[in-house]
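Coordinate analysis (summary)
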Amino acid sequence: MSAITSPLFKDNARAALADRQLQRALSEVPLALAARRGAARAGLPEFEALREIGRDIKNHTLAHLDLYLEEFERKATAAGSTVHFAPTAEDARQIIADICRSAGARVVTKGKSMISEEIGLNACLEAAGVEVAETDLGEYLIQLRGETPSHIIAPAIHLTQDQVEADFRRLHTGLAADRQLVEPSQLVAEARQILRSRFLAADVGITGANFLIAETGSSVIVTNEGNGDLTQSLPKVHIVLASIEKMVPTLEDVSTLVRLLARSATGQEISTYTTFSTGPRRAGDPDGPQACHVVILDNGRSELLGTEFREVLRCIRCGACMNHCPVYTAIGGHAYGWVYPGPIGSVLTPALIGVRKAGHLPNASTFCGRCEEVCPMKIPLPGLMRHWREEEFAAGGTPLTYRLGLAVWAAAAKRPRLYHALVRILMPVLATLGRRAGVFRRLPVARGWTRHRDFAAPQGRTFQAQWAEHKAGVPR
Amino acid sequence: MTTPAGRRESVIAKIRLGLGANDSAARRAEVAERLARPTAQLVPERAKQPADERRRQLRTYLEGQSATFIEVENANDVPTAVGRYLRSANLPLRVRVGDDPYLSQLAWQSEPALERAHGDDEVGLSRAAAAVAETGTLVMASGADNPVTLNYLPETHIVVVEEGSLVGGYEEAWERIRARFGRRAMPRTVNFVSGPSRTADIGGQLVMGAHGPRRLCVILVRS
């Protein structure tokens, strides 16, 4: 597993806000993705109705997940695939390392897979002496730097073009010093050339899966680059790594989800390539892998099925929640400290690594609700974050000052007379003190707030008092 | 729990435990029914247009996705259209093809300079199993006729679509695949292709030709 820095979220966030390079990278791309999603949604009048259907498809599948997995296994096996079940990350690593070993693999190409990050696959394969080549351009860029993805669909969203050029000049030995790398197209051409040689050298290709289809035993990948297709078509062995919740019943069901996925992710009508793979090459096929393995990972997900967090298993990993999140767009993905950033990460990460380590994440939300508004699967992300806050509080993870503050507030709020008496005294005092500026630049008990923004001064009278007057017919 | 069977049982058992569900006949029947009779759900209006509009959609979406779109009257115009496209793009008159009988029977004598080969080449030529109007998407079925690598290895990919295989939405395309390969069956790969390969991973700027073809040319045959 990649190193977990979620417990240091506050420090991470502070550093991210001060990182000018990162702020420059974050200033455009997430907003552009969000704007394109809006346009794509406007272009398909049935979009909102499709979200409801998509949610229902996933709910139905999750409620019958054991049976659909068995059906998938039966159909995939009949098509010539070997299906492996991996209860834990360690199981999945071992299964994949064994397949690579028996294939005598020296070079492995990989399509983009967040689950492979979750289980720390690359480190495991490299320790076994295998060269691992990430082929999604963004994944390749961060692999060069020894970094992890900072966005689930745009893993190198935190990098600027200048950084990419500097990395290529530093690490692509054999690159002539006078070679022009000014335009993005020149950088892409350079990466294409390097990676084409890896595609042709690979013994095993590993891809993730956006969906698994029970009807036909197929796995589905969605890309714009075509890297996943070269990864799975050229080597002699193809390994699909998928988690249990990628299951969908039929090709019709996938069609609905495909209509939602790219529009929510990048604002495209559909991604350039959507590939449905079913087993190894057939008799007479001149290309395609000779063997195909599907590794189905649980890693704690089955434990969510009986809880309110089941809803998070509907996620189709489009990234819309992070593109629309005021927290993510301010600090980027790395600050979240593990594999899954943004609102979906704030809900999923505590489930996978524990709320003790990831407690800051569900707290880092203004509950503005945009994530839930744009989620194609209608996952109630703010509500689920609130659940985590409760669990964290119950587990004693909430800091003492916070608990004390809550206790004082709760003591007053539970006694309406006392509460009203207190605010009737406090409001006019604050109103008088803050009258000149209209805001407080500093408040002794709320320094955490006023360090970054002003606190609006109250107007003088409480809502309750105004409401009582309104009801009594007193003119304002 | 290290045997494959043990791991399988463990995952399935934990899912049943989490769901509080058992292996009941009623649950099995519901799943069997859904798989036996796959049902189209909400098909958008744009996927239900008449033939003329479908042609217009295919062109509009493909061109919007940076593909070249050419319409020809009949199959024997294809070789000339291929030759003209290659010359206009300054590409060698040599294409890589599979064993597709429709493509091999075209009137290639009208383009005597155009070579067809099976090796590695800059230009691939294949025939779509179907095309979907709703997003300008080609549906490629892999096999000896149209090898999957033809869609990804060449720098330029030319795809022939017969108008009879142009459908409105994805669901109709699946019906075509089922009619050809059988129910609950698929070729090794079905590739939905909706434009040339692209990436926006460097500074969010769109560049064509990330790993797959830099150019996609679609030739629609009217009859």
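Everything numeric here is computed off the predicted structure, so don't read it as measured data.

Helices and strands together make up the secondary structure of chain B, namely 6 helices and 12 strands. What you see for chain B is a C-alpha radius of gyration of 22 Å, clearly larger than the 17 Å of a compact globule of 223 residues, by over 25%. Viewed in the frame of its principal axes, chain B has a C-alpha envelope of about 65 × 45 × 40 Å. When burial is assessed residue by residue, chain B has 47% of its 223 residues classed as buried. By sequence separation, contacts in chain B at least 24 residues apart represent 72% of the contacts at least 6 residues apart.

It is worth spelling out the overall build of chain A at this point. Along chain A, the regular secondary structure elements total 24 helices and 12 strands. In summary, chain A has a C-alpha radius of gyration of 26 Å against a globular reference of 23 Å for 476 residues, a match within 12%. The principal-axis extents of the C-alpha atoms in chain A amount to approximately 90 × 60 × 45 Å. Taking all 476 residues of chain A together, 50% fall into the buried category. Restricting the contact set of chain A to residue pairs at least 6 apart, pairs at least 24 apart contribute 74%.

Despite not being glycine, A:Arg317 shows a phi value in the positive range, around 60°. By secondary structure assignment, the location of A:Arg317 is in the loop between strand 10 (291–297) and helix 14 (320–323).

Residue and element names in this part refer to chain B. Burial analysis of strand 7 (residues 156–162) places 6 of its 7 residues in the buried class, the great majority of the element. Where strand 4 (residues 123–127) and strand 7 come together, 5 bridges link them in parallel fashion. By the bridge assignment, Gly-124 is partnered in strand 7 with His-157.

Once that is clear, we can look at the sheet that holds strand 8 (residues 166–167) of chain B. Where strands meet in a sheet, backbone hydrogen bonds hold them as pairs that are either parallel or antiparallel. What the 8 strands build is an open sheet, ordered 8(A)-5(A)-6(A)-9(A)-9(B)-6(B)-5(B)-8(B); its pairing is mixed. Unpaired on one side and paired on the other, strand 8 (247–248) of chain A together with strand 8 of chain B mark the two borders of the sheet. Pairing geometry for strand 5 (residues 211–213) of chain A and strand 6 (residues 218–223) of chain A, over 3 bridges, is antiparallel. Paired with A:Phe211 across the bridge in strand 6 of chain A is A:Val220.

Further remarks concern the domain arrangement of chain B. Per the domain assignment, the segments of chain B are domain 1 (4–36) and domain 2 (47–221). Centre-to-centre, using C-alpha coordinates, domain 1 of chain B lies 41 Å away from domain 2 of chain B.

Attention now moves to the interface of chain B and chain A. In many reports, interface size means the accessible area that the parts give up when they come together. The interface is formed by 61 residues belonging to chain B together with 78 residues belonging to chain A. Mapped onto the side of chain B that touches chain A, the elements with two or more residues apiece are helix 1 (4–19), helix 2 (25–36), helix 6 (170–181), strand 9 (189–193) and strand 10 (198–199) of chain B. The biggest single contributor to the side of chain B that touches chain A is helix 1 of chain B, with 11 residues. Class assignment for the residues of the side of chain B that touches chain A results in 26 nonpolar, 22 polar and 13 charged.

A few words on the domain arrangement of chain A. What the domain assignment reports for chain A is domain 1 (47–302) and domain 2 (402–472). The gap between the C-alpha centroids of domain 1 of chain A and domain 2 of chain A is 53 Å.

Attention now goes to the packing of helix 16 (residues 342–353) of chain A against helix 20 (residues 381–394) of chain A. All names here are of chain A. Following both chains from N to C, one finds helix 16 and helix 20 inclined at 35°, their axes separated by 9 Å at the closest point. As helix 16 runs across helix 20, the sense of the crossing is left-handed. The segment helix 16 lies against helix 20, with Pro-343, Ile-344, Ser-346, Val-347 and Pro-350 engaging Leu-381, Leu-384, Met-385 and Trp-388. Tallied by class, the residues present in the contact of helix 16 with helix 20 amount to 8 nonpolar, 1 polar and no charged.

What follows concerns the nonpolar core. Core analysis: the biggest nonpolar cluster contains 175 residues, and A:Val295, B:Val139 and B:Val161 have the highest contact counts within it. Those residues within four positions of A:Val295 in sequence are excluded, and the remaining contacts are A:His84, A:Ala86, A:Ala92, A:Ile95, A:Ile96, A:Ile239, A:Val240 and A:Leu241.

Let's shift gears to the packing of helix 10 (residues 161–171) of chain A against helix 11 (residues 184–201) of chain A. Residues and elements named next belong to chain A. For the pair helix 10 and helix 11, the least separation of the axes is 11 Å and the interaxial angle reads 40°. Handedness of the crossing formed by helix 10 with helix 11: left-handed. Taking contact as the criterion, the partners of Gln-161, Val-164, Glu-165 and Phe-168 in helix 10 are, on helix 11, Pro-184, Leu-187 and Glu-190. For the contact of helix 10 with helix 11, the residue count by class is 4 nonpolar, 1 polar and 2 charged.

Residue and element names in this part refer to chain A. With respect to topology, 6 strands assemble into an open sheet ordered 1-10-7-4-2-3, the strand pairing being parallel. Each edge of the open sheet carries a strand with a single partner, namely strand 1 (81–86) and strand 3 (131–134). Taking the axes of each pair of neighbouring strands and ignoring which way they run, one obtains an average angle of 20° across the sheet. Two elements, strand 1 and strand 10, share 6 bridges in a ladder whose sense is parallel. The partner of Ser-81 across the bridge, within strand 10, is Cys-292. Taken strand by strand, helix 11 contacts strand 2 (107–110) and strand 3, and its axis lies near 120° from that of strand 2.

Right, let's talk about the pairing of strand 9 of chain B for a bit. A large share of strand 9 of chain B lies buried, amounting to 5 of its 5 residues. Here strand 9 of chain B shows a buried face lined by B:Thr189, B:Asn191 and B:Val193 and a second buried face lined by B:Val190 and B:Phe192. Of the strand pairs in this sheet, strand 9 (residues 273–277) of chain A and strand 9 of chain B are connected by 5 bridges, and their pairing is antiparallel. Considered in strand 9 of chain B, the bridge of A:Thr275 is made with B:Asn191. Where strand 6 (residues 137–141) of chain B lies against strand 9 of chain B, 4 bridges are found, and the strand directions are antiparallel. Within the sheet, the bridge partner assigned to B:Met140 lies in strand 9 of chain B and is B:Asn191.

Right, let's talk about the environment of B:Val161 for a bit. Residues and elements named next belong to chain B. Tracing the backbone shows Val-161 in strand 7. Val-161 sits 31 residues away from Ala-130 along the chain, and the two C-alpha atoms are 7.1 Å apart. Leaving out residues up to four positions away in the same chain, Val-161 has contacts with Ala-128, Ala-131, Leu-138, Leu-166, Val-218, Ile-219, Leu-220 and Val-221.

Conventions we followed
- By convention here, each chain's residues receive numbers from 1 onward along its written sequence.
- Going through the entries in the order they are written, you letter the chains from A and number the ligands from 1.
- In view of the model being predicted, local features appear only for residues whose pLDDT reaches at least 70, and side-chain atom pairs are presented and counted only at 80 or more, with totals across whole chains, interfaces and linings using the full set of residues.
- Secondary structure elements are taken from DSSP: a helix is a run of H or I of four residues or more, a strand is a run of E of two residues or more, and numbering for both begins at the N terminus.
- The globule rule used for comparison is 2.2 Å times the number of residues to the exponent 0.38, while the radius of gyration itself is calculated over C-alpha atoms.
- Remark: C-beta atoms are placed from the backbone, and a residue is labelled buried if 20 or more other C-beta atoms sit within 10 Å of its own, exposed if 12 or fewer do, or partly exposed between those counts.
- Working definition of a contact: two residues with C-beta atoms, positioned from the backbone, lying within 7 Å.
- Whether two strands pair depends on DSSP finding at least two bridges between them.
- Note that domain bounds follow an automatic or database assignment of domains.
- Side-chain classes follow a simple rule in which Ala, Val, Leu, Ile, Met, Phe, Trp, Tyr, Cys and Pro form the nonpolar group, Asp, Glu, Lys and Arg form the charged group, and the remainder, Gly included, forms the polar group.
- For every element, the axis is a line fit to its C-alpha atoms; helices are fit only across the contacting stretch, and the angle between N-to-C directions ranges from 0 to 180 degrees.
- Take the far helix as the reference: if the near one is turned anticlockwise from it by less than a right angle, the crossing is left-handed, and if turned clockwise, right-handed.
- By definition, a nonpolar core groups buried Ala, Val, Leu, Ile, Met, Phe, Trp, Tyr and Cys residues that connect through C-beta atoms lying within 7 Å of each other.

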